[in-house]
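What follows is each chain in one-letter form.
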Amino acid sequence: MIPSLEAERLSLSQARRITLRAQGLDRPRPLRPAPPTMRQFQQVVDRLGVLQIDSVNVLARAHLMPAYSRLGAYDPALLDRASGRAPRRLVETWAHVASFVPPETYRLLGWRQRAYLTQDWGVIEDVSLKLSPLVEEVRAIIAERGPLTARQVQADFEAEHPTTRGEWGWNWSVAKRVLEYLFFTGEITSAGRNSAFERRYDLTSRVLPPHVLLAPEPSDDDAIRALVQIGARAHGIGTLRSIADYFRLPQERAARAVAELVEDGVLRQVTVDGWDQGKVWRHRDADLPRRASGRALLSPFDPLVFERSRLEALFGLRYRIEIYVPEPQRVWGYYVLPFLLGEALPALVDLKADRQAGILRVHAAHRATGSLPDADVVEPLAAELRELAGWLRLDDVVVGDRDGVLRGDLAPGLARAVRSA
């Protein structure tokens, strides 16, 4: 197909609505007589293509929130079942970063796994050379006794290679380093997580469904083109930078894939007024709804907010995660969620699940973007916080920290709205 010489012209509002429809966030969550089913959870997985994993649990695990934002109060056991029981619907790998992906997508990342054989990095750097006898031993242990956690494997090596506990950060045991090396290079993966959120490592051949194992290995170019298409479809509309970022692809290789997908009619170039970050591409399946009327709190790791420059261009929100920023230097707070209302992101809220007290604490509530009156923001935000507290099995929502301090320009109004909700 020969692409049109004249690019479709869109407003920023239209581009936002395309994005929200592609992400499943353009409509209110449906009211259901029963909790969401595995089928409905799978629809979210199919739409997004990737769920980022993060160990921070100040509110809820990062991979649990995107489905909640789109489905409402679903049972997190659906994700545990999808990733921890055969036939698996989700598998862990390095995708956007550490992520759950469908098993079919796992096979599209073989080129990256092969690269790690010669391009080790970080805490697994040189493990294949320095620890090669241990690699063989760990491989044999997993083959014979897996699935096992790193602690269980380390028990076999603790006497000779004791775990050190004096360092901050990536303080991994020798078994953990080897297991992660085998994880990155694709020999093993996670058969699920235990209650302590530890990976249970097993041979990849025992985790992937048989039909995926039997499928032909795609070429590197075919795999990257398929990943680009998944990212472009999940975005609906995006630049090369944002599409490549979805699976952290090298931009040069992603650019070749985009060109091929344009040639095939899968992507087409469009012009978006006010979006000045290079060429913009729209997926052929991306719908433009007449309006966006959804409402959701979004995890800092939600696919809608993955690529921060795109977020700023589309929604006018300059958003950064401040978990690792010293407290006196934080602008918004420790664990801050954007609040989506219609096609705007008018508020940012710093949240903590105080499980001991049974309270969802709003440590800060800030005006983020737009010109809606405060009352038009805080009332739906208060309702959203109540729903989130219910899903987290918390009894109440409290605006302010343990000392009652209100932070942010929306906090006083939100406190009143929460009390009256």
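- The protein chain appears in an unreviewed UniProt entry as YcaQ family DNA glycosylase from Cellulomonas fengjieae.

**A word on the nonpolar core**
- Within the largest apolar cluster, 90 residues are counted, with the highest numbers of intra-cluster contacts made by F41, L59, L351, L388 and L414.
- Take this core: its biggest share by element is eight residues, from helix 17 (residues 374-391).
- Aside from chain neighbours lying at most four places away, what touches F41 is A67, L71, Y74, L78, L79, A82 and L90.
- Membership of the second largest hydrophobic core comes to 26 residues, among which are I18, A296, A313 and V336.

**Quick notes on the packing of aromatic side chains**
- Considering all chains together, one arrives at eight aromatic pairs under this definition.
- Ring geometry for Y74 versus W391: centroids 5.7 Å apart, planes at 25 degrees, classification stacked. Taken together, the residues Y74 in the loop between helix 3 (65-71) and helix 4 (77-84) and W391 in helix 17 connect sequence positions 317 residues apart. Each member of the pair, Y74 as well as W391, is classed as buried.
- In this structure, R29 packs its charged tip against the face of Y68, placed 5.2 Å from the ring centre.
- Across the ring face of W111, the terminal group of R253 is positioned such that the distance to the ring centre comes to 5.4 Å.

**Structural notes on the layout of surface pockets**
- By volume, the second largest pocket amounts to about 610 Å³.
- Listed by contribution, the elements that provide at least two residues to the lining of the second largest pocket are helix 4 and helix 17.
- Class assignment of the residues belonging to the lining of the second largest pocket gives a composition of 15 nonpolar, six polar and six charged.

**Comments concerning the sheet that holds strand 12 (residues 344-354)**
- Judged by pairing direction, the sheet is mixed, and its five strands sit side by side in the order 10-11-12-13-14 without closing on themselves. Single-partner strands in this sheet number two, and they are strand 10 (295-297) and strand 14 (396-399). Taken over all neighbouring pairs, the strand axes of this sheet differ in orientation by 30 degrees on average, direction set aside.
- Sheet topology note: the strand 12/strand 13 (residues 359-367) ladder contains eight bridges and is antiparallel. Residue pairing across strands places D354 opposite I359, the latter belonging to strand 13.
- This element, helix 17, spans strand 10, strand 11 (336-341), strand 12, strand 13 and strand 14 of the sheet and lies at about 60 degrees to strand 10.

**Quick look at the sheet that holds strand 2 (residues 51-52)**
- With antiparallel pairing, the three strands of this open sheet are ordered in space as 2-4-3. Edge strands, defined here as strands with exactly one partner in the open sheet, are strand 2 and strand 3 (91-94).
- Bridge analysis of strand 3 against strand 4 (residues 98-101) gives four bridges, and the strand direction is antiparallel. Its bridge partner being in strand 4, W94 is matched across the sheet by A98.

The rules behind the values
- Residues numbered from 1 in each chain as written.
- Predicted model: local features only at pLDDT ≥ 70, side-chain atom pairs only at ≥ 80, totals over all residues.
- Heavy atoms only, no water.
- Core = buried A, V, L, I, M, F, W, Y, C linked by side-chain atoms within 4.5 Å.
- Buried < 20%, exposed > 50% of the residue type's maximum accessible area, 1.4 Å probe, protein only.
- Helix = DSSP H or I, 4+ residues; strand = E, 2+ residues; numbered from the N terminus.
- Contact = heavy atoms within 4.5 Å.
- Phe/Tyr/Trp six-rings, centres within 6.5 Å; stacked < 30°, edge-to-face > 60°.
- Lys NZ or Arg CZ within 6 Å of the ring centre and 35° of its normal.
- 1 Å grid on protein atoms, 1.4 Å probe; cavity = no way out; pocket = protein on both sides within 12 Å on 5 of 7 lines; lining within 4 Å.
- Points joined across faces, edges and corners; volume = space filled by probe spheres on them.
- Nonpolar A, V, L, I, M, F, W, Y, C, P; charged D, E, K, R; others polar.
- Pairing = 2+ DSSP bridges.
- Axes fitted to C-alpha atoms, helices over the stretch in contact; angles between N-to-C directions.

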